[in-house]
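A structural walkthrough
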Amino acid sequence: MPRGRYSLHDTHDRTPLGEEHFHCAPGPSGWRYVSQVTAPGGDHVGSVDLTLDELGRPIRLELHAADWQVRGAALEGVTWVRTDPSGELATEGNVRAHAFTGASPAFLVATARLLRLGAGGAGTRVRLVSFAAPVLAPRTLDQSWTLTGSATHATDSGPLVVDEYRVTDLDTGEQAAVHIAGDVVLSAPGVELEHLDSPPSRFG
């Protein structure tokens with residue numbers, strides 16, 4: 001069960017946005033990721049709890065940011081309930097999308113797991129619903145994912161396979177490189193892996 005810490009920063013000027021302390025593991029039903037998010041000063045500002053089934057579909061999502069909360073799952077596309085601090089403005093949403101996304105590196109692992117791309121293929125289009133802090137506002141977006149290559153690195157605990165993806169925002173054309181080893185993101189826009197206390201888990 002990998003445990004570690006990601007640092008989060010602004011993708012334009014690298015202003016520190018905080019840290020995400022996580023643990024994750026595959027299980028009989030799929031994969032689960034749990035994390036606590038802190039501000040640069042160390043204050044707790046949110047959390048992520050994501051469970052995927054064996055096909056990579058989100059069967060449970062719970063997000064917290066400030067006093068806002070989102071609970072969602074794959075149901076007729078993806079369905080969620082977003083609750084404000086008072087509970088008076090709770091709203092339900094549903095979009096014909098494949099999965100969820102957001103600032104957490106968990107969503108990058110989840111999308112890669114869902115798509116299961118082969119190297120050298122054409123870009124695969126995926127529709128996602130993103131929730132943006134601090135109020136977890138939902139937004140539907142389209143991306144194209146391409147597995148551009150894989151490299152094996154020797155480590156003290158054995159070979160480590162790192163997959164490199166090219167992720168394209170289909171609304172803006174902006175492209176980004178994402179490096180994933182098993183169920184851990186090594187680097188991505190706005191994300192750096194700072195600490196990992198055990199090797200990434202390998203999906204079956």
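Per chain, residues are indexed from 1 in the order of the written sequence. Selection of residues for local features in this predicted model requires a pLDDT of at least 70, selection of side-chain atom pairs for listing and counting requires 80 or more, and totals for whole chains, interfaces and linings are taken over all residues. Hydrogen atoms and water are omitted, and side-chain values are computed over all heavy atoms in the structure.

**A word on the environment of Pro-199**
Here is the rule we go by: Strands are runs of DSSP state E lasting at least 2 residues, helices are runs of H or I lasting at least 4, and numbering of each runs from the N terminus. Per-residue accessibility, obtained with a 1.4 Å probe over protein chains only, is compared with the maximum for each type, and a residue is labelled buried under 20%, exposed over 50%, and partly exposed between these values. By definition in these notes, contact holds between two residues if any of their heavy atoms fall within 4.5 Å.
Tracing the sequence through the fold places Pro-199 in the segment after strand S15 (191-196). Pro-199 gets classed as partly exposed once you look at its relative accessible area, which sits at 44%. Not counting residues within four places of it along the chain, the set of residues in contact with Pro-199 comprises Pro-2 and Ser-157.

**Brief notes about the packing of aromatic side chains**
Here is the rule: The aromatic pairing rule takes the rings of Phe, Tyr and Trp, using the six-membered ring of Trp, and pairs them if the centres are within 6.5 Å, calling planes under 30 degrees apart stacked, those over 60 edge-to-face and the rest tilted.
Evaluation of the coordinates by the stated rule reveals six aromatic pairs. Here the aromatic rings of Phe-22 and Tyr-33 are separated by 5.6 Å at their centres, their planes lie at 10 degrees, and the arrangement is stacked. Here Phe-22 is found in strand S2 (residues 16-27), whereas its partner Tyr-33 is found in strand S3 (residues 30-38), with 11 residues between them in sequence. As far as the burial class goes, Phe-22 and Tyr-33 line up, both buried. Taking 5.8 Å as the distance between ring centres and 40 degrees as the angle between the ring planes, the aromatic pair formed by Phe-100 and Phe-131 counts as tilted. In this pair, Phe-100 is assigned in strand S9 (residues 99-102) and Phe-131 in strand S10 (residues 124-132), connecting sequence segments 31 residues apart. Cluster of aromatic residues (ring-pair linked, three or more members): Tyr-6, Phe-22, Trp-31 and Tyr-33.

**Describing the pattern of salt bridges**
Note the following rule: Here, a salt bridge means any Lys or Arg side-chain nitrogen found within 4 Å of an Asp or Glu carboxyl oxygen.
The full count for this structure, using the stated rule, is eight salt bridges. Of the charged contacts in the structure, one is a salt bridge between Glu-62 and Arg-71, with a shortest N-O distance of 3.5 Å. Owing to a relative accessible area of 15%, Glu-62 belongs among the buried residues under this scheme. Take Arg-71: its relative accessible area is 48%, and that puts it in the partly exposed class. Across the pair Arg-125 and Asp-142 runs a salt bridge, and its minimum N-O distance is 3.6 Å. Note that Arg-125 is positioned in strand S10 and Asp-142 in strand S11 (residues 137-155), a separation of 17 residues in sequence. Given a relative accessible area of 9%, Asp-142 falls into the buried group. Look at the salt bridges and you will find they share partners, linking Arg-32, Asp-49, Arg-60, Glu-62 and Arg-71 into a network.

**Notes on the nonpolar core**
Definition in use: Here, nonpolar core means buried Ala, Val, Leu, Ile, Met, Phe, Trp, Tyr and Cys residues that are tied together by side-chain atoms lying within 4.5 Å of each other.
Membership of the largest hydrophobic core comes to 46 residues, with the highest contact counts inside it found for Phe-131, Trp-145 and Tyr-165. In terms of residue count, the dominant contributor to this core is helix H1 (residues 106-115) (eight residues).

**Remarks on the side chain of Thr-168**
With respect to the secondary-structure elements, Thr-168 resides in strand S12 (residues 158-169). Judged by its relative accessible area of 12%, Thr-168 falls in the buried class.

**So, the pairing of strand S4 (residues 44-53)**
Going by this rule: Any two strands are treated as partners once DSSP identifies two or more bridges connecting them.
A large share of S4 lies buried, amounting to eight of its 10 residues. Strand direction decides the pairing type here: S3 and S4, joined by nine bridges, are antiparallel. For Thr-38, the partnering residue across the bridge sits in S4 and is His-44. Pairing between S4 and strand S5 (residues 58-65): seven bridges, direction antiparallel. Counterpart to Ser-47 in the pairing with S5 is His-64. Taken together, S4 and the strand that follows it, S5, pair antiparallel across an intervening segment of four residues, in which Gly-56 is found at a positive phi of about 90 degrees.

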